[in-house]
Amino acid sequence: MYKKKQYIIGNGFIAKKFKKYVKFLEKNNIVIYAAGVSNSSEKNEVKFNKEILKFKKFCKTNMSKVVYISTCSITDGSRSSKKYIKNKIKIENFLKKNVDRYLIVRLPEIIGSKNNPYTLTNFFYAKIVYNEVFKLYENTKRNLLDIDDAIKKTFKILKKNNVQNSTINILNKNFYSPFQIVKVFEQILEKKALYKKVKLKKRSWKLKNNYYLNMNKEYLKKVLKKYYD
């Protein structure tokens with residue numbers, strides 16, 4: 001029986017957001033690979049091994065250009081020891097060696113769904129709403145983007161078709177401290193957060209091949225209100 005080709009691999013909210021562009025993907029023979037472990041704090045090696053095996057199996061039969069959705073956190077020194085990050089690096093390296101046409105798109109912290117409890121903004125939101133104490137790390141910075149903005153930027157790049165066999169970062173030009181993010185949540189929810197400050201050792205975060213979205217100072221508040229108000 002003939003099996004229809006999939007141009008979007010993945011079932012999460014990021015993969016679903018690409019569906020509106022499926023005709024473009026079909027026409028240009030591009031596959032968006034947006035599948036994988038969703039919890040960046042996951043420690044179960046079995047889950048990560050399954051993710052790699054699934055990706056390798058996909059690559060064996062693939063004849064299209066692959067756009068792999070990765071994470072900007074790979075270059076963040078404060079998170080480089082996480083199994084999630086190490087696994088992303090393994091997949092990126094395998095892709096570079098085994099796929100003829102590819103583009104690795106690294107995204108920052110994405111805002112756009114309340115269903116994944118492991119995202120940064122969902123974590124803060126839940127802790128504040130349910131009056132739970134949490135740790136707020138100092139000497140760190142986070143880059144946040146609305147999923148809609150991230151997808152639009154990705155397709156602007158794909159339509160220009162001037163970036164091949166490369167790794168790019170799609171970013172908000174503004175970085176935020178966790179403290180700034182929590183303060184905006186407090187304003188939106190009209191509720192005080194219960195947190196303990198924890199000072200981390202400051203580490204470097206070097207980003208190359210960046211495509212910045214130049215958002216104004218009100219962007220963070222606007223996006224958080226869009227999904228959490």
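Before going into details, it helps to say that this report is about the structure given with it.

Parameters at a glance
- Residues numbered from 1 in each chain as written.
- Predicted model: local features only at pLDDT ≥ 70, side-chain atom pairs only at ≥ 80, totals over all residues.
- Heavy atoms only, no water.
- Helix = DSSP H or I, 4+ residues; strand = E, 2+ residues; numbered from the N terminus.
- Buried < 20%, exposed > 50% of the residue type's maximum accessible area, 1.4 Å probe, protein only.
- Pairing = 2+ DSSP bridges.
- Right-handed = clockwise from strand over helix to strand, strands pointing away.
- Expected span 1.5 Å × (residues − 1).
- Arc of directions from axis to C-beta.

Its identity is not glycine, yet Asn29 carries a phi of approximately 55 degrees, on the positive side. Mapped onto the secondary structure, Asn29 falls in the loop between α2 (22-28) and β2 (30-33). Classification of Asn29 as partly exposed rests on a relative accessible area of 25%. Not every positive phi belongs to a glycine, and Glu190 is a case in point at roughly 55 degrees. With respect to the helices, strands and loops of the structure, Glu190 is situated in the loop between α7 (178-189) and β9 (195-199). For Glu190, a relative accessible area of 73% gives the class exposed.

Let us look at the pairing of β2. Residues Ile30 and Ile32 line one face of β2 and the alternating positions Val31 and Tyr33 line the opposite face, and both faces are buried. Pairing analysis gives 2 bridges linking strand β1 (residues 8-9) to β2, with the strands arranged parallel. Directly across from Ile9, in β2, lies its bridge partner Tyr33. Strand direction decides the pairing type here: β2 and strand β3 (residues 65-71), joined by 4 bridges, are parallel. Bridged to Ile30 within β3 is Lys65. Each parallel crossover has a hand, and the one from β2 via helix α3 (residues 45-61) to β3 is right-handed.

Turn by turn, an α-helix covers 3.6 residues, leaving residues three or four places apart pointing in a common direction. Helix length check: α3, at 17 residues, gives a terminal C-alpha distance of 25 Å against a target of 24 Å (1.5 Å per residue), a fit within 8%. Within α3, burial applies to Phe48, Glu51, Ile52, Phe55, Phe58 and Cys59. Projected onto a plane normal to the axis of α3, the buried residues spread over an arc of 125 degrees and lie on a single side. With respect to the buried face of α3, the exposed residues turned more than 90 degrees away are Lys50, Leu53, Lys57, Lys60 and Thr61.

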